[in-house]
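# Inside the fold
Residues per chain, in single letters:
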Amino acid sequence: MAYQDLCKKIIAGVGGKDNVISVVHCTTRLRFKLKDEKKANDEEVKNIDGVISVVKAGGQYQVVIGNNVADVYDELIKIGGFSGGGEVPDDYEDTSNMSLLDRFIDLISSIFTPALGPLCAAGMLKGFAAMFASLGWIAKTSGTYQILYAIGDSFFYFLPIVLALSASKKFHLDKYIGLTIAAVMCYPSIVAMANSHHVLFTLFKGTFLQSEIHATFLGIPVVAASYTSSVIPIILAVWFAGHVQKWMKKIIPETVKLFLVPFFTLLIAVPVSLIVIGPVATWLGDIIGFACKAVYGFSPILAGLLLAGFWQVFVMFGLHWGIVAVAMANLAALGYMPILPLSYTVCFAQIGVVLAIIFQTKDQKLRSVAIPAFVSGIFGVTEPAIYGVTLPRKKPFILSCIAGAVTGGIIGAFHGLGYMMGGMGIFVYPSMINPKAGIGMGFWGTIIASVVGFILGFLLQVLFGKNAVDGPEVAAAVEAPAPVVDEVYDHDETQGAQPEKQNVCYNPATTLASPIKGNAVPLASIKDEVFASGAMGKGVAVEPSDNVIAAPDDAEVLMTFPTGHAIGLRTKDGAEVLIHIGMDTVELQGKGFETLVNKGDHVTKGQQLIKFDLDEIKNAGYDTTIPMVITNSKNYHEIKAVKEGQVNAGDELLSLK
């Protein structure tokens, strides 16, 4: 297949040579890093003959090519004059130019991004329920309030379970293991342990890390803590479990991996999470709480500037619960809270920035996330705004922290004190009223801080944050016409861009054998749309009754996959063949697959290529149908199956003419 014309069209579609920072390839995709993704024309690239699809993820513009991606990549490097980065793993993310802070932000954002929609919805429902109750429209004892509030609050209460799903994907942990770890953290008896009256002994007695021990695990003290609504403990726990699972896969025999890998992963990861990871996160929160109290005693204004300035960072880590604990202790002992109220109006600084972004952005998807985030922020639920809008763009998040610091300083200057635990956002004002003395300066200081924070956040974003919203060149990209193709085509001034004429060179006729014993079915009948539509090429599929893939003809191995779920071949007659074991089995991360050959090997017809555990794939819930497609189908006039129904490995199955 001639790839020159294909590569020229791809370069034009991604915005031209000058828009490309770098390009690498994995087993099926060209992975571009672009200066401005807005200059790429997604529909134009998708419609290029030879392109299967376009995916934008991990800061990359990914053009899905298929089995022949390596050859396309080589031609692309020549035509574009790019410095080749070569082949990379399928889950590759380019972090070469990212600072440690950037990588951390990318990590947190990528874990929260999949949950943004429900996060926004839950925040809005929780806020509306609180508002309706405050206005007297519904009673807090009514079923209506309880159900509405439960819909909103349950998402945040069980946040560790939600985050476990995306964190497991990020850290390559079996998602059901991740969910189990999170479920343990939210398990009623684990949550209740912290409130138990049965105290075995006290750790670090007399220090700010003093912890009552209510239970032990194999004699090791377990520091009780509440992990509901927390963030950092579950992320660290899943990260640790991912490493444990990796170690277990290396040392446990293949025949018993299905149940022993999760068994030992849970047996090790859960106790370590409860004994080490959770308590460390809790103590970090306690340290912050005590430090803030000390600073407040020195200067309320300085305490307000520091606490409110870093409050959103504390929320990201779940460390704000240490401050909440200190505030509740103060409320019980003193009748008021001097520390927590300093953070009450940070949400208004955040939504001021978000409102400015709503006006600035030309990205409809961003606007659709920012508007509900703005609404939920009014009611004090800022997670959607942080994780979905400002944090991924860094500068707006920093600007919101600066404006937030000012609000804390104002409340500190007015010596604002909280007299009850209540709502957030617009519902904090009643908690600033002294039940005995009535409305004082602290109440009015909170009102002033809300207004100043909102206006300052908006102005800072308008003045200093515009370039961080859609990128510095977004305006020009939106207004500019579609990129011209002079740089990749021979251009005729009167006729416009004329693609180079491609002469198809047909391969000689040949036949291919079935790669496995089973039931041969038409390719169009399988469930996967990409294969069934013929987008990857014409061919046939086999529902296997055996567990070994054999070579359908004498061939060269073009591509092996790290996960072992597929293989690419070029036969002696030039047919390029992709054999894919099951649907979506790449998610198994190689579990149950063993590749017997390497890229570049020459194999003979009938030679074993891949062994796989058919029962394990079925038990994991994946379709086991095996498509065999000819990825260079254009080099043939006709491709058809010569047999349907039961076939044996080696039986003639596919005719190529």
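Everything below is about the structure printed above this text.
What comes next concerns the included structure. Keep in mind that this is a model prediction, so the values were computed, not measured.

## Topic: the overall build of the chain
- Looking only at helices and strands, one finds 21 helices and 23 strands in the chain.
- A burial count over the chain gives 50% of its 657 residues as buried.
- In the chain, the proportion of contacts linking residues at least 24 apart, taken out of those at least 6 apart, comes to 71%.
- Carbon and sulfur atoms make up 61% of the accessible area of the chain, which totals about 29,800 Å².

## Things to note about the environment of Ile10
- Here Ile10 is to be found in helix H1 (residues 4–13).
- Among residues more than four places away in sequence, those in contact with Ile10 are Leu30, Phe32, Ile48, Val51, Val63 and Ile65.

## Some remarks on the sheet that holds strand S7 (residues 220–223)
- With respect to topology, three strands assemble into an open sheet ordered S5-S6-S7, the strand pairing being antiparallel. Either end of the sheet is taken by a strand with one partner, and the two such strands are strand S5 (201–203) and S7. Sheet twist, expressed as the mean angle between neighbouring strand axes with direction ignored, is 60°.
- The pairing of S5 with strand S6 (residues 211–217) spans three bridges and is classified as antiparallel. Along S6, the bridge assignment pairs Phe201 with Ile213.

## As for the packing of helix H6 (residues 143–157) against helix H7 (residues 159–170)
- Running from N to C, H6 and H7 point in directions that differ by 60°, and their axes come no closer than 5 Å. Between H6 and H7, the crossing angle belongs to the class labelled oblique. Each of Phe155, Phe156 and Tyr157 in H6 lies in contact with H7, whose residues at this interface are Leu159, Pro160 and Val162.
- Residue composition of the contact of H6 with H7, by class: six nonpolar, no polar and no charged.

## Considerations on H1
- With eight of ten residues buried, H1 is to be regarded as a mostly interior element.
- Considered for burial, the residues of H1 that qualify are Asp5, Leu6, Cys7, Lys8, Ile10, Ile11, Ala12 and Gly13.
- Considering only its buried residues, H1 is in contact with strand S2 (29–34), helix H2 (42–46), strand S4 (60–64) and helix H3 (69–80).
- Within two residues after H1, Gly15 carries a phi angle of roughly 105°, on the positive side.

## Topic: the pattern of salt bridges
- Applying the stated criterion across every chain yields a total of twelve salt bridges.
- Between Lys634 and Asp49 there is a salt bridge whose closest N-O contact spans 2.1 Å. Of this pair, Lys634 sits in the loop between strand S20 (626–630) and strand S21 (639–641) while Asp49 sits in the loop between H2 and strand S3 (53–57), placing them 585 residues apart in sequence.
- The partner of Asp573 in a salt bridge is Lys572, with the nearest N and O atoms 3.9 Å apart.
- By relative accessible area, which is 54% here, Lys572 ends up exposed.

Rules used in this analysis
- Residues numbered from 1 in each chain as written.
- Predicted model: local features only at pLDDT ≥ 70, side-chain atom pairs only at ≥ 80, totals over all residues.
- Heavy atoms only, no water.
- Helix = DSSP H or I, 4+ residues; strand = E, 2+ residues; numbered from the N terminus.
- Buried < 20%, exposed > 50% of the residue type's maximum accessible area, 1.4 Å probe, protein only.
- Contact = heavy atoms within 4.5 Å.
- Areas by Shrake-Rupley, 256 points an atom, 1.4 Å probe, with all protein chains shown as cover.
- Pairing = 2+ DSSP bridges.
- Axes fitted to C-alpha atoms, helices over the stretch in contact; angles between N-to-C directions.
- Parallel < 35°, antiparallel > 145°, perpendicular 65-115°, else oblique.
- Nonpolar A, V, L, I, M, F, W, Y, C, P; charged D, E, K, R; others polar.
- Salt bridge = Lys/Arg side-chain N within 4 Å of Asp/Glu carboxyl O.

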